[in-house]
Amino acid sequence: MLHADRWAARYGFLRELWAGRSRVLADPALEAALRGAKSLPAPFAALLAELLPGAGNQAWLLAHEARPGTGRGRTGARVAEFDAFEELLAEAPWQVAIVDLARHFVDAASLTRFAARAQTRLENRLETRAFRLLTALAEGAEAGRVVVVTAPGEAAGGLELGLFQELVTQHFPRARIYALALTRAASVVDCGEVTSDEIEDEEADERGPVPLAFDNSLGEDAGFECLIAVVGARDVPRGVTLLELPPTAPPAEPARPERARPERARDEESESLRGQLAQARRQIELASIARQSLVEQLDAAQGRIDALEDQLAGRAPAAAKANEPDEEGPRRIDAAAAALQSARWELEQLQGELRRVTARPVDALERSLAAAEARLGALHACAATVDALAQRAGADEPLAAELQTLRDRLLELAGPPATDESA
């Protein structure tokens with residue numbers, strides 16, 4: 001199946017959803033079809049003219065290679081730059097949105113060594129703006145609009161069916177998934193029964209819908225070329241749908257003359273830089289979230305330590321006034337105060353580490369996070385020391401309870417001990 005056949009089959013299958021409704025389209029295949037419209041077969045050209053009409057229903061095309069500004073192309077549809085999708089989806093009176101994610105996959109060469117080991121994760125396969133686009137579409141679906149999201153299947157170098165289902169359920173509460181498969185089939189058409197004039201036709205041929213039978217016993221497991229998710233539509237097809245295509249379909253875009261080598265090298269370098277920039281932005285976002293969580297934990301631990309110091313300072317004069325002969329009480333208080341002071345030093349070191357993290361470049365964020373995890377391990381050791389002091393203060397139940405509470409709070413703030421992922 002050629003490239004033109006794929007986009008034509010996709011929009012032919014979805015005709016009942018977009019026909020007669022205002023729509024927003026974002027599909028690189030449509031842009032290629034527009035550039036090579038003169039070479040399209042007549043059925044494909046008619047479908048393209050119906051998708052992007054010159055008058056009547058409103059249609060917007062979010063083009064990746066659009067000229068600056070927004071205007072009407074030769075088809076009559078409003079053409080806008082793709083990066084303006086948030087503003088367009090929020091303000092335009094659209095009823096159906098059909099977007100394809102083929103241009104939003106991350107180049108594997110631009111991934112870091114850590115991300116390359118986890119390419120099955122969605123955030124390492126798609127660009128950040130793809131998730132922003134899905135978020136904007138989810139807001140439209142909540143308002144009762146129809147949303148269709150498509151992506152290349154595994155057979156076309158895209159997503160597996162399981163990953164695509166996970167991506168859809170992250171943004172939409174309910175959707176129906178379809179898969180466009182590349183299959184070779186023979187059509188057998190029932191042309192009806194014929195009789196001679198001498199034989200009476202006792203049973204009249206019943207007229208009705210043409211039945212459809214599907215036999216895949218001679219075939220193999222189909223490879224999915226395209227995955228489709230339909231959100232917010234009620235009457236949708238079920239089962240297997242067969243779409244008849246023209247006998248020949250030349251490529252939608254004619255062959256372009258080969259560009260000069262310096263120009264191709266500049267384009268490849270710019271694409272690589274854009275991929276690296278997207279990866280750096282994701283690392284900054286993750287580091288910011290981790291840093292904010294660590295600051296909140298440090299503030300909570302500092303407040304708890306200050307409160308315990310106030311309690312210990314109030315108990316020391318009261319014990320002196322009582323003139324009790326027991327000498328273990330002051331020793332336990334001194335040991336607890338020393339442990340608390342040690343915890344405060346650890347917290348101050350963590351705060352200094354955070355200040356250094358904010359001043360470091362992006363490529364040092366992973367090392368700074370590892371240092372912060374080491375500091376949290378020191379908090380675990382401090383919690384163990386406080387636990388030992390609580391065991392020694394068994395005679396003084398209030399002090400033992402306070403120390404045990406401090407130990408639980410330190411463990412809660414520090415979280416579970418770090419484990420080796422490679423183990």
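Conventions used here
- Residues numbered from 1 in each chain as written.
- Predicted model: local features only at pLDDT ≥ 70, side-chain atom pairs only at ≥ 80, totals over all residues.
- Heavy atoms only, no water.
- pLDDT = per-residue confidence, 0-100.
- Contact = heavy atoms within 4.5 Å.
- Helix = DSSP H or I, 4+ residues; strand = E, 2+ residues; numbered from the N terminus.
- Expected span 1.5 Å × (residues − 1).
- Buried < 20%, exposed > 50% of the residue type's maximum accessible area, 1.4 Å probe, protein only.
- Salt bridge = Lys/Arg side-chain N within 4 Å of Asp/Glu carboxyl O.
- Lys, Arg positive; Asp, Glu negative; His and termini not counted.
- Polar contact = N/O pair within 3.5 Å; in protein donor to acceptor, adjacent residues only side chain to side chain.

When pLDDT is averaged along the chain, the result is 75, and 72% of the positions lie at 70 or above. Low pLDDT (under 50) marks residues 113-118, which in the prediction has five contacts with non-local residues, meaning those over four places away or in another chain. For residues 249-255, every residue scores under 50 in pLDDT, and the model assigns this stretch 20 contacts once sequence neighbours within four places are set aside.

Between the first and last C-alpha of helix α8 (residues 128-142) there are 22 Å, a value that for 15 residues agrees with the 21 Å anticipated at 1.5 Å per step. Listing the buried residues of α8 in full gives A130, L133, L134, A136, L137, A138, G140 and A141. Close packing links the buried residues of α8 with α5 (85-91), β5 (96-100), β6 (146-152), α9 (161-171) and β8 (224-231). A positive backbone phi angle near 95° is found at G144, which sits one or two residues after α8.

Attention now goes to the pattern of salt bridges. Summed over all chains, the structure comprises five salt bridges. Between R15 and E50 there is a salt bridge whose closest N-O contact spans 2.6 Å. Residue R15 is found in helix α2 (residues 15-18), and its partner E50 is found in helix α4 (residues 42-51); the two are separated by 35 residues along the sequence. Among the charged side chains, a network of salt bridges with common partners joins D83, E127 and R129.

Turning to the side chain of E31, a few remarks are in order. You can see E31 is positioned in helix α3 (residues 28-35). The side chain of E31 sits in the buried core without any salt bridge; R35 is the nearest counter-charge, 4.3 Å away. A polar contact is formed between the side chain of E31 and the backbone nitrogen of H64, at a distance of 2.9 Å. The residues touching E31, leaving out its near neighbours within four places in the chain, are L62, A63, H64 and E65.

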